[in-house]
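For reference, the chains in residue letters:
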Amino acid sequence: MARIKPQALLLQSKKKKGPSGVSVTTIIVYILIVAVMVFSLYSTYRYWFRRSIVQTQDDLSTSKAIERNKSDIPKYALISTSKGLITVELYKDGSPDIVDEFIDFSRKGHFKGVQFTRVIKNFVIHGSKVERPEATEEWTSRGKHYSQLDKSLNHEAFMLGTSKVKHEGGGFDLFITTAPIPDLNDKINVFGRVIKGEDVVQEIEEVDADDHYRPKTRVQINEVTLKQRT
């Protein structure tokens, strides 16, 4: 068997060896890439974490502002009349626009000195700044109609409302029912309920009136005070 020369063995050994290990430069590049990725992920996490905190704070601030605004809305009206005090609970949730309008008129002092221009037994007492002569026949027919109503009808008395039809220069008028009214919602926008002073309402209802239901003696609203609590 022929002997292999040393030079040939050296060449054969070199061919069997695999590639030399990863270079230092490649390792550094890999490390830099990983570092950039980690930094990018950390920066993204930090951004969204801070944003969620800010959003939560904004939501809490908004929620507190809404709660504060709700708490600022008066829930009751104290109607001081020449016959006594009537306390009304306002239906903010059911009639928000009308309640807002009533509150605005009250704060402007609109109701000071407003007279009860009509008192109809078993129907309503009505306070208004405007006397409309053309309404006389309308009120007379209403009074005759409602005096014959079945009192067992399931509609509440002592409800506070205002006319659905606004008249020029009339501002904001007030109705307080003194008996169940079957077509109440057809005539009046209800926005509250008397919770104290029903006896005062009845006393106003009982004042002497002429044939057109106008009180013979002056009965008026002295002032309307808005309250958060009774």
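Residues numbered from 1 in each chain as written. Predicted model: local features only at pLDDT ≥ 70, side-chain atom pairs only at ≥ 80, totals over all residues. Heavy atoms only, no water.

- The protein is annotated in an unreviewed UniProt entry as Peptidyl-prolyl cis-trans isomerase of Nicotiana tabacum.
- Here is the UniProt Catalytic activity (unreviewed entry) comment for the protein, exactly as written: "[protein]-peptidylproline (omega=180) = [protein]-peptidylproline (omega=0)".
- UniProt annotates the protein under Function (unreviewed entry) with the comment "PPIases accelerate the folding of proteins. It catalyzes the cis-trans isomerization of proline imidic peptide bonds in oligopeptides." (UniProt positions renumbered as here; feature names shortened; annotations may be inferred.)

## Considering the pairing of strand 1 (residues 76–81)
Phase 1 of the analysis: In terms of residue burial, strand 1 counts as a mostly covered element, since five of its six residues are buried.
Phase 2 of the analysis: The sheet contact formed by strand 1 and strand 2 (residues 84–90) spans six bridges and is antiparallel. Looking at strand 2, one finds that Ser80 is bridged to Leu85.
Phase 3 of the analysis: Between the end of strand 1 and the start of strand 2, which pair antiparallel, lie two residues.
Phase 4 of the analysis: In this sheet, strand 8 (residues 221–227) lies alongside strand 1 in antiparallel orientation, the contact comprising six bridges. Note that in strand 8 the partner of Leu78 across the bridge is Thr225. (Buried < 20%, exposed > 50% of the residue type's maximum accessible area, 1.4 Å probe, protein only. Helix = DSSP H or I, 4+ residues; strand = E, 2+ residues; numbered from the N terminus. Pairing = 2+ DSSP bridges.)

## A word on the side chain of Thr87
Phase 1 of the analysis: In this fold, Thr87 is placed in strand 2.
Phase 2 of the analysis: When its relative accessible area of 6% is taken as the criterion, Thr87 is described as buried.
Phase 3 of the analysis: Ignoring sequence-local partners within four residues, the contact set of Thr87 consists of Ala77, Leu78, Arg193, Val194, Ile195, Lys196 and Thr230. (Contact = heavy atoms within 4.5 Å.)

## Some thoughts on the sheet that holds strand 4 (residues 124–128)
Phase 1 of the analysis: The eight strands lie next to each other as 3-4-6-5-7-2-1-8, forming an open sheet whose pairing is antiparallel. The open sheet has two edge strands with one neighbour each: strand 3 (115–120) and strand 8. The average undirected angle you get between the axes of adjacent strands in this sheet is 30°.
Phase 2 of the analysis: Sheet analysis places strand 2 next to strand 7 (residues 188–196), joined by four bridges and oriented antiparallel. Opposite Val88, over in strand 7, you have Val194 as the bridge partner.
Phase 3 of the analysis: Across the sheet, helix 3 (residues 96–107) lies against strand 1, strand 2, strand 5 (159–163), strand 6 (174–177), strand 7 and strand 8, angled at about 120° from strand 8, the strand it touches most.
Phase 4 of the analysis: Set on the sheet, helix 6 (residues 198–205) makes contact with strand 1, strand 2, strand 3, strand 4, strand 6 and strand 7; between it and strand 2 the angle comes to about 120°. (Axes fitted to C-alpha atoms, helices over the stretch in contact; angles between N-to-C directions.)

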